[in-house]
Amino acid sequence: MEAELIVRMLEKMEIIDVNQTIEEFESTTKDAERVQRETLKKILEENGSAEYLQNLGLNGSTDPESFKACVPLVTHKDLEPYIQRIADGDTSPILTGKAITTISLSSGTTQGKPKLVPFNDELMETTMQIYRTSFAFRNREFPVGNGKALQFIYSSKQFKTKGGLNAGTATTNVYRNSQFKEGMKGMQSQCCSPDEVIFGPDFHQSLYCHLLCGLIFREEIQLVFSTFAHSLVHAFRTFELVWEELCADIREGELSSRITVPSIRTAMSKILKPDPESADLIHKKCSGLSNWYGLIPELFPNAKYIYGIMTGSMEPYLKKLRHYARDVPLMSADYGSSEGWIGANVNPTLPPELATFAVLPNIGYFEFIPLRENVEDQVLGIEPKPVGLTEVKVGEEYEIVVTNVAGLYRYRLGDVVKIMGFHNSTPEMKFICRRNLMLTINIDKNTEKDLQLSVEEAAKVLAEEKQEVVDFTSHVDLSTDPGHYVIFWEISSEVHLHEEALQECCNCLDRSFLDAGYIGSRKVNAIGPLELRVLHKGTFQKILDHYLGLGAAVSQFKTPRCVSLANNTVLQILCNNVAKNYFSTAFR
Ligand code: AMP
């Protein structure tokens, strides 16, 4: 009895003190400029012996002015040779004072191949700091009780680099880190699935078991999570296909033969017991749903919210997610990358479309390249001048430059953000898009966001036919003269659609790009009619599988929204799976 009491007390102690965490955040953001200076100083002191910094002649200076004067802005390509040496086993101080022992693979959806970036305990600590901060704000509004979280999290393949360093996606490195499990306990967000499921070698089997564990613990589930919203929608679309099998497993207490990994079978056998009553109830609930509307609250009556990154390229999945969620709030998660975290969502009550991220001034040193003032400089080839964290202006768009605790200095992340306001003296920003993701043929410039808006417009035509866009991407086809935009769509059912409806979707896509350069070029036929290519069902699953084969993890997967010739394999998958195509007759 006494032992049990002690265990309970220990468990209680681990839970994060919401008020204290919020207070800490308030205090660091009140004097963001000073905190930024201190953070830079700390980073440069700890890594002053690194060859990269030594060669730049900082000579021990740690102030922002010297730093900016000596250290150039770089992209991943510039740092590749250094990171490669680390991966190949050179343990001398190259980018950091302490040798790097782990490498993260970014999702690599932009370039088509994963990038290697350094990972260390300091970066892990900043990750947990971001998680704790947004948890504190979230929990103040929507407290989760004791229970479990249904988390669609997966590990990527881990491998050793030539030099023997562990390498995996950043999320895998995080999930494997001991700080993660402890931290999650403190946030009452422990995953309901056993580790063998999270770290299983086959994501299809892991997903099935995540769903099964969710059903077994359905009454206890407090929240539903995945890193990116894509995995949430993907999980429940899969549920629609396998729900009867899941019910059968629960009824018999016998795991489906589709699960073949021995460690997963052993782990699942410990929690799966015959429960015909529960199986019947779940079966009845599912059968009673209309087109799966409200699936999540029906299955998980105590789920307080659904959590994951829902902004940027994840926005197109919101409609489907809301359909499954009914009245369960959707809460957009924080903003970061394999290169490090940047901001926390401290306004959890805002809908995902309005979500902003407050930068934590003590997790890295941040600079912002103004995009508006820069067009002329760009033409003249002048290096853009970034401004500091507290110098950004509300309403302006910037590209983010990161100096982190794991050996990246003045690193251009390639993301565009817009400043929406300030929390104390730190900016709150909205994620806009990747900077280099652009549909362009001549003077036209359409970003990922423009593409998304255009697809949203055209999807309304489809909705009238009771169909939806499952996923989409695009390509600039310059093999025709003039070149033209190609939009690829996978739709819920390609067979029962009227030709006229799809032709209208195609015209609508073409008309919905509002960029003046595009409209002007279309009018004079300097850009050819937009082409809509409707894909066979399952094409985007093939693309996901392709990325997983390259070492990506489902947890970090983002559908590439623009596929260039350089991303040849994905382009081939798309082109080989076209069911029908249409050319726009708008602008005739
Ligand atoms: P990865 O390359 O897998 O590390 O993914 C990092 C990228 O995902 C970032 O550079 C962003 O482009 C995107 N991303 C991360 N967090 C968010 C967010 N909250 N909203 C929108 N996009 C995000």
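Just so we're clear, the structure is a prediction, and the values are computed from it rather than from any experiment.

J.: In this structure, what is going on with the side chain of Glu490? I would like to understand it.
T.: Its place among the elements puts Glu490 in strand E20 (residues 484-491). For the buried Glu490, which has no salt bridge, the nearest side chain bearing the opposite charge is Lys537, at an N-O separation of 6.7 Å. One polar contact links the side chain of Glu490 to the main-chain amide nitrogen of Thr539, over a distance of 3.1 Å. Other than its neighbours up to four places away in sequence, Glu490 contacts Glu468, Val469, Val470, Asp471, Leu535, His536, Lys537, Gly538, Thr539 and Phe540.

J.: Quick question: what am I supposed to make of the pattern of salt bridges here?
T.: In a structure, side chains of opposite charge can pair up when their charged atoms sit close to one another. Tallying each qualifying case throughout the model produces 31 salt bridges. One salt bridge connects Glu367 with Arg410, and the closest N-O pair in it is separated by 2.7 Å. Taken as a pair, Glu367 in strand E12 (residues 365-370) and Arg410 in the loop between strand E14 (397-403) and strand E15 (411-423) lie far apart in primary sequence, 43 residues in all. Take Glu367: its relative accessible area is 0%, and that puts it in the buried class.

J.: Would you take a moment to explain unusual backbone geometry for this structure?
T.: Trans peptide bonds make up most of the peptide bonds, and negative phi angles are found at most residues other than glycine. Across the junction of Asp481 and Pro482, the peptide omega takes the value 0°, indicating a cis bond. Positive phi, close to 50°, is recorded for Arg326, a residue that is not glycine. By the secondary structure assignment, Arg326 is in the loop between helix H16 (318-325) and strand E8 (330-332). Taking relative accessible area as the criterion, Arg326 reaches 36% and is therefore assigned partly exposed. The backbone phi angle of Arg410 is positive, close to 50°, even though this residue is not glycine. What makes Arg410 buried here is its relative accessible area of 4%.

J.: Looking at this structure, how should I read the packing of helix H7 (residues 121-141) against helix H9 (residues 178-186)?
T.: Geometrically, a packed helix pair is captured by the angle between its two axes and the distance between the axes. Contact pair H7 / H9: the axes reach a minimum separation of 11 Å and the direction vectors enclose 10°. The angle between the axes of H7 and H9 places the two elements in the roughly parallel class. For H7 against H9, the interelement crossing comes out right-handed. Mapping the contact onto sequence places Asp121, Met124, Glu125, Met128, Tyr131 and Phe135 in H7 and Gln179, Phe180, Gly183, Met184 and Gly186 in H9. Split by residue class, the contact of H7 with H9 holds six nonpolar, three polar and two charged.

J.: Help me understand the packing of aromatic side chains, please; the structure alone is not making it clear to me.
T.: A ring pair, where both rings are aromatic, is described by two values, the distance of the centres and the angle of the planes. Summed over all chains, the structure comprises 20 aromatic pairs. Aromatic pair Phe67 and Tyr365: ring centres 5.9 Å apart, planes at 85°, arrangement edge-to-face. Note that Phe67 is positioned in helix H5 (residues 64-70) and Tyr365 in strand E12, a separation of 298 residues in sequence. Ring centres 5.7 Å apart and planes at 80° place the aromatic pair Phe152 and Phe236 in the edge-to-face group. Taken together, the residues span a long stretch of sequence, with Phe152 in the loop between strand E3 (148-151) and strand E4 (159-160) and Phe236 in helix H12 (residues 229-252) at a distance of 84 residues. Residue class for Phe152 comes out buried when judged on its relative accessible area of 0%. Taking relative accessible area as the criterion, Phe236 reaches 0% and is therefore assigned buried. Aromatic ring contacts, followed pair by pair, group Phe142, Phe225, Tyr305 and Tyr307 into a single cluster. Its guanidinium or amino end placed over the ring of Phe217, Lys148 lies 4.7 Å from that ring's centre, counting from NZ or CZ. A cation over a ring is seen here: Arg561 above Phe472, with NZ or CZ 4.2 Å from the ring centre.

J.: Is there a simple way to think about the domain arrangement of the chain in this case?
T.: Many authors give the size of an interface as the accessible area that is lost as the parts come together. Looking at the assigned domains, one finds that the chain contains domain 1 (32-107 + 363-434), domain 2 (198-337) and domain 3 (438-583). Listed as interface residues are six residues of domain 1 and, on the opposing side, seven residues of domain 3. Where domain 1 abuts domain 3, roughly 470 Å² becomes buried across the two surfaces, and 53% of that area is made up of carbon and sulfur atoms. The interface formed by domain 1 and domain 3 contains zero salt bridges. Summed over the shared surface of domain 1 and domain 3, the number is one residue pair in polar contact (both at pLDDT 80 or more). At three residues, the largest contribution of residues to the side of domain 1 that touches domain 3 is made by strand E16 (residues 426-434). Looking at the side of domain 1 that touches domain 3, its residues break down into three nonpolar, two polar and one charged.

Analysis parameters
Residues numbered from 1 in each chain as written. Predicted model: local features only at pLDDT ≥ 70, side-chain atom pairs only at ≥ 80, totals over all residues. Heavy atoms only, no water. Helix = DSSP H or I, 4+ residues; strand = E, 2+ residues; numbered from the N terminus. Buried < 20%, exposed > 50% of the residue type's maximum accessible area, 1.4 Å probe, protein only. Lys, Arg positive; Asp, Glu negative; His and termini not counted. Salt bridge = Lys/Arg side-chain N within 4 Å of Asp/Glu carboxyl O. Polar contact = N/O pair within 3.5 Å; in protein donor to acceptor, adjacent residues only side chain to side chain. Contact = heavy atoms within 4.5 Å. Axes fitted to C-alpha atoms, helices over the stretch in contact; angles between N-to-C directions. Parallel < 35°, antiparallel > 145°, perpendicular 65-115°, else oblique. Left-handed = near helix turned anticlockwise from the far one by under 90°. Nonpolar A, V, L, I, M, F, W, Y, C, P; charged D, E, K, R; others polar. Phe/Tyr/Trp six-rings, centres within 6.5 Å; stacked < 30°, edge-to-face > 60°. Lys NZ or Arg CZ within 6 Å of the ring centre and 35° of its normal. Domains from an automatic or database assignment. Buried area = accessible area lost by both parts, 1.4 Å probe.

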